[in-house]
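What the coordinates show
So the chains spell out like this:
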Amino acid sequence: MDYILSIIGPLAEGSLVTLKLFFITLALAVPLGLALALVRISRFTVASQAVNGYIWLMRGTPLMLQLLFIYFALPFVPVVGIRLPDFPAAIVAFALNYAAYFAEIFRAGIQSIDRGQYEGAKVLGFSYGQTMRRIVLPQVVKRILPPMSNETITLVKDTSLIYVLALNDLLRAARGIVQRDFTITPFVVAAAFYLLMTLVLTWFFQRLEKRHAVYD
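I will try to describe carefully the structure that is included in this document. (Residues numbered from 1 in each chain as written. Predicted model: local features only at pLDDT ≥ 70, side-chain atom pairs only at ≥ 80, totals over all residues. Heavy atoms only, no water.)

Take the environment of Y118 next. With respect to the helices, strands and loops of the structure, Y118 is situated in helix α5 (residues 115-123). Sequence-distant contacts of Y118, defined by excluding residues within four places in its chain, comprise I110, I113, T131, M132 and V136. (Helix = DSSP H or I, 4+ residues; strand = E, 2+ residues; numbered from the N terminus. Contact = heavy atoms within 4.5 Å.)

Structure representation (structure tokens):
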């Protein structure tokens, strides 16, 4: 027990890196995903097809490959040639990747709304923006909670991929202690940290679903 208490400190520090990446990614990917979804379903064919191609690319290639490309290969891309530090590179990769997934969730939610509601809003004199903000999106939020919950929980676990960039996240902190002490206990404690984080998210989304279910 004393040993477990002694390693909680370093693992907690690693979890702060994990949580920082998690919250920044959500803050960037959710609004970007919504914007991409609106462009995806718009009547602007060129922009819609461009977003469709972007989503296909992000969802069709591994997140780890995207991480490695942004960190190692982006500096050698002609014209671009940007070299990002490790943590900003991780943020960019995660935000761009998860925005594609969130975009498809938002798109499916928006298109699930009956067309009659758009027509009714038009009769009432609502603009497209007012229709989306006051009528469509409030209903979409309720419908997309389950898939958003799944993606958000997956994001917590995917943060461990930043290990490849040598960032001292929860997993890397645990592995360092394992290599130092020759025991798998740090991995078990790290698993407990991940389970705790996913438990909190599961509880939060369940509360949201129950709250919105009141209005069914």
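Counting residues in hydrophobic clusters, the biggest one holds 55 residues, and the most contacted among them are L11, F94 and F102. Elements supplying a minimum of two residues to this core: α1 (2-40), α2 (45-60), α3 (63-73), α4 (86-111), α6 (128-158), α7 (170-181) and α8 (185-213). Of the residues forming this core, the biggest block, 14 residues, is contributed by α4. (Core = buried A, V, L, I, M, F, W, Y, C linked by side-chain atoms within 4.5 Å. Buried < 20%, exposed > 50% of the residue type's maximum accessible area, 1.4 Å probe, protein only.)

This brings us to the packing of α1 against α6. Remark: α1 packs on α6, axes separated minimally by 11 Å, with the N-to-C direction vectors making an angle of 140 degrees. Relative to α6, the element α1 lies oblique. α1 and α6 meet at a crossing whose hand is right-handed. Contacts between α1 and α6 involve T18, F22, T25, L26, V30, L34 and L38 on the former and, on the latter, Y128, M132, L137, M148, T152, L155 and V156. Looking at the contact of α1 with α6, its residues break down into 11 nonpolar, 3 polar and no charged. (Axes fitted to C-alpha atoms, helices over the stretch in contact; angles between N-to-C directions. Parallel < 35°, antiparallel > 145°, perpendicular 65-115°, else oblique. Left-handed = near helix turned anticlockwise from the far one by under 90°. Nonpolar A, V, L, I, M, F, W, Y, C, P; charged D, E, K, R; others polar.)

With the rule as written, the count across this model stands at 6 aromatic pairs. With a centroid separation of 5.1 Å and an interplanar angle of 75 degrees, the aromatic rings of F22 and F23 are classed as edge-to-face. Both rings, one in F94 and one in Y98, keep their centres 6.5 Å apart while their planes meet at 0 degrees; by these two values the pair is stacked. With F94 and Y98 both in helix α4 and 4 residues apart, the pair spans about one turn of that helix. Accessibility classification places F94 together with Y98 in one group, the buried group. Across from the ring centre of F126, 5.7 Å away, lies the NZ or CZ of R134, which sits over that ring. (Phe/Tyr/Trp six-rings, centres within 6.5 Å; stacked < 30°, edge-to-face > 60°. Lys NZ or Arg CZ within 6 Å of the ring centre and 35° of its normal.)

Here we take up the environment of P147. Within the fold, P147 resides in helix α6. For P147, a relative accessible area of 31% gives the class partly exposed. In sequence terms P147 and Q49 are 98 residues apart; their C-alpha atoms lie 24 Å from each other.

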